[in-house]
Amino acid sequence: RWDSSAYLHSWCSVPCPSRLSLSRAYSIKSSSIGSATGLCLGQCCRIKPLSCKCKLGRSSQPPPDSRQHFSASSSASEAVLTAQSDIRKLFVANEKIGVLLLNLGGPETLDDVQPFLFNLFADPDIIRLPRAFRFLQKPLAQFISVARAPKSKEGYASIGGGSPLRQITDAQGEALMEALCGKDIPAKVYVGMRYWHPFTEEAIEQIKKDGITKLVVLPLYPQFSISTSGSSLRLLESIFR
């Protein structure tokens, strides 16, 4: 893993000429072991070779045949940015990247209101019962959801007959995917709702089918709470186990 802060500190602590050859500054080490790829830093001017911990072990110099030569540049900052772009492409090329957007979910039609409320109140993170009364969790959720459904339906009817959260989250996912593609990161974006479709479990099944090797989990809740983002993350932990 590239520790850029340590590298830049070393770069600035040594007087370097305005023009330098970055063929001695960067070296990339790749391997066919799984999909792991390690990056190790070489030399820059009079700086001693740095070593960093990579997935494949610890190394200060890669084999000569694995060097990536970069042309000299009059601007060190431009050269660093160019190198970072090439490094990103190298890592992305070896991984299938996915982004999972987590959200609460909401009923899309008035008929969905009561089952949505049941899923909500059946979550132990929403209503916490003493251990001796856990068997009452679902019956209590059924009672509350049926009792509250008529009033909740009125609220959803006043905003068009359902929650817009699904459409908003899907739009965010599409925009994020386009932005990542613009940065040469062809990632797939998935939506996982906690209490309504598409459920988090459904999203994980699709992620497995697509063969995703690197997954970024991105909660869209406005703040952390045990009963919102905490519940979604707890569910993910259970699925991963």
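Rules behind the numbers
- Residues numbered from 1 in each chain as written.
- Predicted model: local features only at pLDDT ≥ 70, side-chain atom pairs only at ≥ 80, totals over all residues.
- Heavy atoms only, no water.
- Salt bridge = Lys/Arg side-chain N within 4 Å of Asp/Glu carboxyl O.
- Helix = DSSP H or I, 4+ residues; strand = E, 2+ residues; numbered from the N terminus.
- Buried < 20%, exposed > 50% of the residue type's maximum accessible area, 1.4 Å probe, protein only.
- Contact = heavy atoms within 4.5 Å.
- Axes fitted to C-alpha atoms, helices over the stretch in contact; angles between N-to-C directions.
- Parallel < 35°, antiparallel > 145°, perpendicular 65-115°, else oblique.
- Left-handed = near helix turned anticlockwise from the far one by under 90°.
- Nonpolar A, V, L, I, M, F, W, Y, C, P; charged D, E, K, R; others polar.
- Patch = residues over 30% accessible without salt bridge, like charges linked within 9 Å, V, L, I, M, F, W, Y side chains within 5 Å.
- Areas by Shrake-Rupley, 256 points an atom, 1.4 Å probe, with all protein chains shown as cover.
- Pairing = 2+ DSSP bridges.

So, on to the pattern of salt bridges. Enumeration according to the criterion identifies eight salt bridges in this entry. Between Lys-208 and Glu-205 there is a salt bridge, with the nearest N and O atoms lying 3.7 Å from each other. Highlighted residues: Lys-208 and Glu-205, both in helix α6 (residues 200-209), separated by three residues, approximately one helical turn. Note on Lys-208: relative accessible area 57%, which makes it exposed. When its relative accessible area of 40% is taken as the criterion, Glu-205 is described as partly exposed. Three or more residues are tied together by salt bridges with common partners; here these are Glu-108, Arg-166 and Asp-170.

Before going further, it helps to spend a moment on the side chain of Ser-152. Within the secondary structure, Ser-152 sits in helix α4 (residues 137-158). Not counting residues within four places of it along the chain, the set of residues in contact with Ser-152 comprises Val-113 and Leu-117.

Moving on, we get to the packing of helix α3 (residues 113-121) against α4. The geometry of α3 relative to α4 is characterised by a closest axis approach of 7 Å and an angle of 135° between their N-to-C directions. As the angle between them shows, α3 and α4 are arranged oblique. Seen from above, α3 lies across α4 with right-handed handedness. Residues Val-113, Gln-114, Phe-116, Leu-117, Phe-118 and Phe-121 of α3 pack against Gln-137, Lys-138, Ala-141, Gln-142, Ile-144, Ser-145, Val-146, Arg-148, Ala-149, Ser-152, Lys-153 and Tyr-156 of α4. Its residues placed into classes, the contact of α3 with α4 shows ten nonpolar, five polar and three charged.

A surface patch of nonpolar side chains, about 510 Å² in accessible area, is lined by Leu-215, Val-217, Phe-224, Ile-226, Leu-233 and Phe-240. Mapped onto the nonpolar patch, the elements with two or more residues apiece are β7 (214-219) and α7 (229-240). Locating Val-217 in the fold gives a position in strand β7.

Before going further, it helps to spend a moment on the pairing of strand β6 (residues 188-193). Taking burial as the measure, the six residues of β6 include five buried ones, the bulk of the element. Alignment of strand β5 (residues 97-103) against β6, held across six bridges, turns out to be parallel. Note that in β6 the partner of Leu-101 across the bridge is Val-191.

Keep in mind these values describe shape, not function.
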